[in-house]
Amino acid sequence: MKNRLKVYRAMNDLTQQALAERIGVTRQTIISMERGKYDPSLGLAFRIARFFQVNIEDIFLPEQEESNNPH
Amino acid sequence: MILTTAIAAFVGWSIRIRNASLSIVAVFVGIVLVYLLKGKVKEVIVDERVHRISEMASKTALQIFAWLSVAVAIILIILGTGNSANFEQAGYTLAYATCALLALYSISYKYYEKRYGG
């Protein structure tokens, strides 16, 4: 599953470590998610979306939307 | 890591000097120290990703160990039949231990299946 985590992190001027601390995960988890190597659980995905004050679909892109969405 | 290494070294030394009670005390002290130091760590060191990796690693280790154990047990039993009773006994012990491991896995699986609404 692709995501725009790095984009939202940059928009909020946060380091990976800072974001990890705010949402209660390790920095390595943030790195893995940004690289698309790790898909978060539903609970964590909602926590991230709530933190950035956006909808979950704005950050995480389900697979069928990856081919439709050129961004 | 340092604490684990120190406790392991101490246990090894206590076994060397044939004093089992020292090793038990060392393990107990290690557990207490880990518990006390854990509260002092502020940053998150274990999260859902670490748990998931641990689950996958455990499952892989179980699968590999079970197959290897069965293979080794069969080889030992074949080698021991009619030749060495020790090999045969070791083979049967390993086979029964593997059966016990798989039974424990099945029981755990049933427990978690019920727990998570199976």
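Reading the values: rules and limits
- Residues numbered from 1 in each chain as written.
- Chains lettered and ligands numbered in written order.
- Predicted model: local features only at pLDDT ≥ 70, side-chain atom pairs only at ≥ 80, totals over all residues.
- Heavy atoms only, no water.
- pLDDT = per-residue confidence, 0-100.
- Helix = DSSP H or I, 4+ residues; strand = E, 2+ residues; numbered from the N terminus.
- Salt bridge = Lys/Arg side-chain N within 4 Å of Asp/Glu carboxyl O.
- Buried < 20%, exposed > 50% of the residue type's maximum accessible area, 1.4 Å probe, protein only.
- Contact = heavy atoms within 4.5 Å.
- Buried area = accessible area lost by both parts, 1.4 Å probe.
- Nonpolar A, V, L, I, M, F, W, Y, C, P; charged D, E, K, R; others polar.
- Axes fitted to C-alpha atoms, helices over the stretch in contact; angles between N-to-C directions.
- Parallel < 35°, antiparallel > 145°, perpendicular 65-115°, else oblique.

Asks: Would you mind showing me how to read the confidence of the model for chain B here?
Replies: Detailed reading of the predicted model is not advised wherever pLDDT is low. All names here are of chain B. A residue-level look at chain B finds 99% of positions with pLDDT of 70 or above and a mean pLDDT of 87. Looking across chain B, the model is least confident in helix 2 (residues 20-38), with a mean pLDDT of 82, and most confident in helix 3 (residues 48-80), with 93. As scored by the predictor, the complex reaches a pTM of 0.71 and an ipTM of 0.80.

Asks: What is the right way to read the pattern of salt bridges from this model?
Replies: Between side chains of opposite charge, pairing is possible as soon as their charged atoms come close. Using the criterion set out here, one finds two salt bridges over all chains in the structure. A salt bridge links R9(A) to E34(A), with the shortest nitrogen-to-oxygen separation between them at 2.5 Å. Taken together, the residues span a long stretch of sequence, with R9(A) in helix 1 (residues 5-11) and E34(A) in helix 3 (residues 27-34) at a distance of 25 residues. In this structure, R9(A) and E34(A) share a single accessibility class: buried. We note a salt bridge from K110(B) to E113(B), for which the minimum N-O separation is 3.8 Å. Of this pair, K110(B) and E113(B) are both found in helix 4 (residues 85-115), three residues apart, which corresponds to roughly one turn of the helix. We classify K110(B) as exposed; its relative accessible area is 55%. By relative accessible area, E113(B) is classed as partly exposed at 35%.

Asks: Which parts of the structure should I look at to understand the interface of chain B and chain A?
Replies: Reports of interface size often rely on the accessible area that becomes lost once the parts have come together. Across the boundary between the two partners, chain B contributes seven residues, which contact 11 residues of chain A. With both sides pooled, the region where chain B packs onto chain A buries about 770 Å², and carbon together with sulfur makes up 48% of that total. Counting the surface chain B buries against chain A, the share from its top three residues, D47(B), E48(B) and R49(B), is 64%. Our enumeration of links across chain B and chain A arrives at zero salt bridges. The residue inventory of the side of chain B that touches chain A, partitioned by class, reads three nonpolar, no polar and four charged.

Asks: How do you make sense of the packing of helix 1 (residues 2-16) of chain B against helix 2 of chain B when you look at a structure like this?
Replies: A pair of packed helices is characterised by two quantities: the angle between their axes and the separation of those axes. All names here are of chain B. In the contact formed by helix 1 and helix 2, the axes pass within 8 Å of each other and the chain directions differ by 170 degrees. Judged by the inter-axis angle, helix 1 sits roughly antiparallel to helix 2. Residues L3, I7, F10, V11, W13 and S14 of helix 1 form the contact with helix 2, whose own contacting residues are L22, S23, A26, V27, G30, L33, V34 and L37. When grouped by side-chain class, the residues that make up the contact of helix 1 with helix 2 number 11 nonpolar, three polar and no charged.

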